[in-house]
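Per-entry structural report
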Amino acid sequence: MFHELGVHTIDGGPTLNPSTNDLLAGIHDVAAEEVVVLPNSANVIMAAEHAARLSDKQVLVAPTTSQQAGLAAAVALAPDRSVEENASALMDALARVRTGAVAPAARDDAQGRFRRGDAVGFVEEQVLAWGEPRATLETVLKMLAAGAEGMEAPELISVLAGVEAPLALAELEGMVNGKVELELRHGGQPAYWWLLAAE
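Below is a short write-up of the structure. (Residues numbered from 1 in each chain as written. Predicted model: local features only at pLDDT ≥ 70, side-chain atom pairs only at ≥ 80, totals over all residues. Heavy atoms only, no water.)

What you see with strand E2 (residues 58–61) is a clean split: Val59 and Val61 sit on the buried side and Gln58 and Leu60 on the side with no burial. As paired elements, strand E1 (residues 34–37) and E2 share four bridges and run parallel to each other. Bridge pairing links Val36 to Leu60 in E2. As a crossover connection, the stretch from E1 through helix H2 (residues 45–54) into E2 is right-handed. (Buried < 20%, exposed > 50% of the residue type's maximum accessible area, 1.4 Å probe, protein only. Helix = DSSP H or I, 4+ residues; strand = E, 2+ residues; numbered from the N terminus. Pairing = 2+ DSSP bridges. Right-handed = clockwise from strand over helix to strand, strands pointing away.)

Here we take up the pattern of salt bridges. Per the counting criterion, the structure on display carries four salt bridges. Between Arg185 and Glu4 there is a salt bridge whose closest N-O contact spans 3.2 Å. Here Arg185 is found in strand E7 (residues 181–186), whereas its partner Glu4 is found in the segment before helix H1 (20–29), with 181 residues between them in sequence. Between Asp109 and Arg113 there is a salt bridge, with its nearest N and O atoms 2.8 Å apart. For Asp109, a relative accessible area of 14% corresponds to the buried category. (Salt bridge = Lys/Arg side-chain N within 4 Å of Asp/Glu carboxyl O.)

Ranked by size, the top nonpolar core spans 23 residues in total, and within it Leu137, Leu141, Ile157, Val159, Leu172, Trp194 and Leu196 carry the most contacts. Broken down by secondary-structure element, the contributors of at least two residues to this core are strand E4 (119–123), helix H5 (133–146), strand E6 (156–161) and strand E8 (194–198). Here this core gets five residues from one element, more than from any other, and that element is H5. Beyond its immediate stretch of four places on either side in the chain, Leu196 contacts Gln68, Arg98, Thr99, Gly100, Ala101, Leu137, Val140, Leu141, Leu144, Ser158 and Val159. (Core = buried A, V, L, I, M, F, W, Y, C linked by side-chain atoms within 4.5 Å. Contact = heavy atoms within 4.5 Å.)

Right, let's talk about the pairing of E8 for a bit. By the criterion of burial, E8 is predominantly enclosed, with five of the five residues buried. Side chains Trp194, Leu196 and Ala198 project from E8 onto one buried face, and the interleaved Leu195 and Ala197 project onto a second face that is buried too. Sheet topology note: the strand E3 (residues 98–104)/E8 ladder contains five bridges and is antiparallel. Across the sheet, Ala101 pairs through a bridge with Leu195, a residue of E8. As judged from the five bridges shared by E6 and E8, these two strands associate in the antiparallel manner. Within the sheet, the bridge partner assigned to Val159 lies in E8 and is Leu196.

Set out below in structure tokens:
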């Protein structure tokens, strides 16, 4: 999906955390003097900022902490704009996005809410739902569709299904009220059953 948007991607390896050298090489592989880096993980931001300082190009590191926020930011970018103009458009896009996710729990919860393998639902970084996959996904979708305090309710929720998502995309139709459009895509990500972005 990033390739469809013209974004140069870097393989982060099994941990999905590319090194400073990987990021610097990626910056230099881009045929432009101004480069926007989308870390798409809180764990990658510091390495990206270090790579930006080492590069002789003008580099903007965007504060994207998830893949789905990175996609929303990538849609806002335009190659014919300056890095400053792209920075402004990107920050506007990120201010309008709320993210969510549903993944299988990697371990039993210390508070006893869920067990390893149960569905765990996040809005932003907070665990807000758990249990069966369908019910957990519905809860997260409804929370995203309701909007955040001080923000307008979203018009669109993008749902990116992972390689082992336990429900077919067609089964997700109608999970939110008719005012919010669902965009359903196969994301192919390994760790998360569903990545969600409300805009």
